[in-house]
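# A look at the structure
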Amino acid sequence: MQKVRPKKALGQHFLTDMSIAERIASTLDGYRGTPVLEVGPGMGVLTQFLIDAGHTVKVAEIDGESIEWLKANFPGLPQENILNCDFLKLDLSGVFSGADKICVIGNYPYNISSQIFFHVLESRDLVICCSGMLQREVAERIAAPAGTKARGILSVLLQAWYDVEYLFTVSEHVFNPPPKVKSGVIRLTRNAVTELGCDEKLFRTVVKTSFGQRRKTIRNSVRGLLPAGAGVPDSPLMGLRPEQLSVEQFIELTNLISSYRNQA
């Protein structure tokens with residue numbers, strides 16, 4: 001069977017360096033007893049190392065040609081573990097029957113990598129670890145600490161629930177076809193937070209609104225979230241820009257805004 005043709009529409013860039021694939025698979029070495037869902041396995045470059053490491057693996061693949069390749073070339077991967085589906089539409093709670101914790105890994109398509117992590121976030125009580133490779137710029141944004149220019153919506157929302165590590169950078173020259181940018185490998189490990197201590201829906205709105213006008217100070221960017229004529233809270237946070245705020249400060253800001261709303 002011929003190798004799978006990379007499809008631009010699916011954002012496919014197949015990794016050709018086996019040592020890098022092995023390094024990515026090893027990011028889950030601490031979770032050998034936890035089921036692993038791989039996103040977009042392509043020709044199984046990463047899959048083979050996950051299986052060799054003894055993980056129980058299922059793969060979510062939307063490309064029919066890749067699915068046929070996996071069926072023909074991976075006898076160690078049961079066919080029922082090859083899921084022909086769109087990961088973004090997959091109910092993660094139903095992938096591994098009876099599992100209360102799973103890991104997610106992949107060489108993620110650049111064009112939907114942010115959406116993939118938002119989908120993982122929706123299942124944060126199930127997904128104990130999520131690692132893999134994506135565009136370096138997005139990986140750096142997810143891992144960006146407070147006070148750095150790369151910090152954004154993804155940084156804050158993910159870091160509220162996960163400890164994020166930027167692990168290493170991957171050259172564009174180890175892919176077929178080579179992408180125009182470098183890649184980064186990150187790992188998200190579920191932290192001990194069970195609730196934020198604020199209205200979580202409002203928290204997401206505050207974060208998105210703040211970064212929607214990131215050149216403005218918080219005082220100006222969140223004004224529209226406050227009751228008309230109420231002014232703004234008297235807080236040092238109001239003079240900062242969104243990338244300067246930690247998760248804890250965004251929680252504090254959310255509670256301030258909620259208090260003002262309740263007084264209106």
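Described in the following lines is the structure provided in the data block. The numbering scheme is per chain: residues are counted from 1 as the chain's sequence reads. It should be noted that, the model being predicted, local features are given only for residues of pLDDT at least 70 and side-chain atom pairs only at 80 or more, the latter also being counted only at that level, while totals for whole chains, interfaces and linings use all residues. Where side-chain values are given, they derive from all heavy atoms of the structure, hydrogens and water being excluded.

### Looking at the nonpolar core
Residues grouped as a nonpolar core are buried Ala, Val, Leu, Ile, Met, Phe, Trp, Tyr and Cys residues, joined through side-chain atoms within 4.5 Å. Working definition: with a 1.4 Å probe on protein chains only, accessible area under 20% of the residue-type maximum means buried, over 50% means exposed, and in between means partly exposed. Phe117, Phe203 and Leu253 are the most contacted members of the largest nonpolar core, which has 52 residues in total. Each residue touching phenylalanine 117, except ones within four places of it in the same chain, is listed here: Tyr108, Cys130, Leu134, Ile142, Leu154, Leu158, Ile186 and Leu188. Whether two residues are in contact is decided by their heavy atoms: any pair within 4.5 Å suffices.

### Digging into the layout of surface pockets
Grid points spaced at 1 Å over the protein atoms alone were grouped into cavities, where a 1.4 Å probe fits but cannot get out, and pockets, open sets with protein on both sides within 12 Å along at least five of seven lines, with lining residues defined by an atom within 4 Å of a point. Grid points are joined across faces, edges and corners, and a volume is the space filled by probe spheres set on the points. As a volume, the largest pocket reaches approximately 490 Å³. In terms of lining residues, the largest pocket is bounded by 30 residues, among which Leu10, Gln12, Gly40, Asn107 and Pro109 are the most central. Put simply, DSSP marks the helices as runs of H or I at least four residues long and the strands as runs of E at least two long, and each gets a number from the N terminus on. Where the lining of the largest pocket is concerned, the elements lending two or more residues are β1 (14-15), β2 (36-39), α2 (45-52) and β3 (57-61). Empty space within the second largest pocket amounts to approximately 230 Å³.

### Description of helix α3 (residues 64-73)
For α3, the complete set of buried residues consists of Ser66, Ile67, Trp69 and Leu70. Down the axis of α3, the buried side of the element spans an arc of 160°, and every buried residue falls inside it. Contacts made by the buried residues of α3 are with β3 and β4 (82-84). The arc in question is formed by the directions pointing from the helix axis toward the C-beta atoms.

### Some thoughts on the sheet that holds strand β6 (residues 127-135)
Strand order across the open sheet formed by 7 strands is β4-β3-β2-β5-β6-β9-β7, with mixed pairing between neighbours. Both outer strands of the open sheet, β4 and β7 (162-170), are each paired with one neighbouring strand and no more. Across the sheet, the axes of successive neighbouring strands diverge by a mean angle of 20°, strand direction being ignored. For two strands to be treated as a pair, DSSP must find no fewer than two bridges joining them. In terms of strand pairing, β3 meets β4 through 3 bridges, oriented parallel. Bridge assignment links valine 59 to a residue of β4, and that residue is isoleucine 82. Axis definition: a line fitted to C-alpha atoms, over the contacting stretch in the case of helices. Angles run 0 to 180 degrees between N-to-C directions.

### Examining the packing of helix α7 (residues 200-212) against helix α9 (residues 247-263)
α9 packs onto α7 with a crossing angle of 105° between their chain directions and a minimal axis gap of 9 Å. Comparing their axes, α9 and α7 come out roughly perpendicular. Across the interface between the two elements, Leu202, Phe203, Val206, Val207, Ser210 and Phe211 from α7 touch Val247, Phe250, Ile251, Leu253, Thr254, Ile257, Ser258 and Arg261 from α9. Amino acid classes used here: Ala, Val, Leu, Ile, Met, Phe, Trp, Tyr, Cys and Pro are nonpolar; Asp, Glu, Lys and Arg are charged; the rest, including Gly, are polar. Partitioned by chemical class, the residues of the contact of α7 with α9 number 10 nonpolar, 3 polar and 1 charged. For this classification, under 35 degrees means roughly parallel, over 145 means roughly antiparallel, 65 to 115 means roughly perpendicular, and everything else is oblique.

### Quick word on the pattern of salt bridges
One side-chain nitrogen of Lys or Arg within 4 Å of one carboxyl oxygen of Asp or Glu is enough to make a salt bridge. In this structure the tally under the stated criterion is 6 salt bridges. Close ionic contact of glutamate 137 with arginine 141 constitutes a salt bridge, the shortest N to O distance being 3.1 Å. With glutamate 137 and arginine 141 both in helix α5 (residues 136-143), this residue pair falls 4 residues apart, about one helical turn. In this structure glutamate 137 comes out as partly exposed when scored by relative accessible area, which is 47%. Here glutamate 172 and lysine 182 are joined by a salt bridge, their closest N and O atoms 3.0 Å apart. Of the two residues, glutamate 172 is situated in the loop between β7 and β8 (175-176) and lysine 182 in the loop between β8 and β9 (183-190); the sequence distance between them amounts to 10 residues. Its relative accessible area of 18% is what places glutamate 172 among the buried residues.

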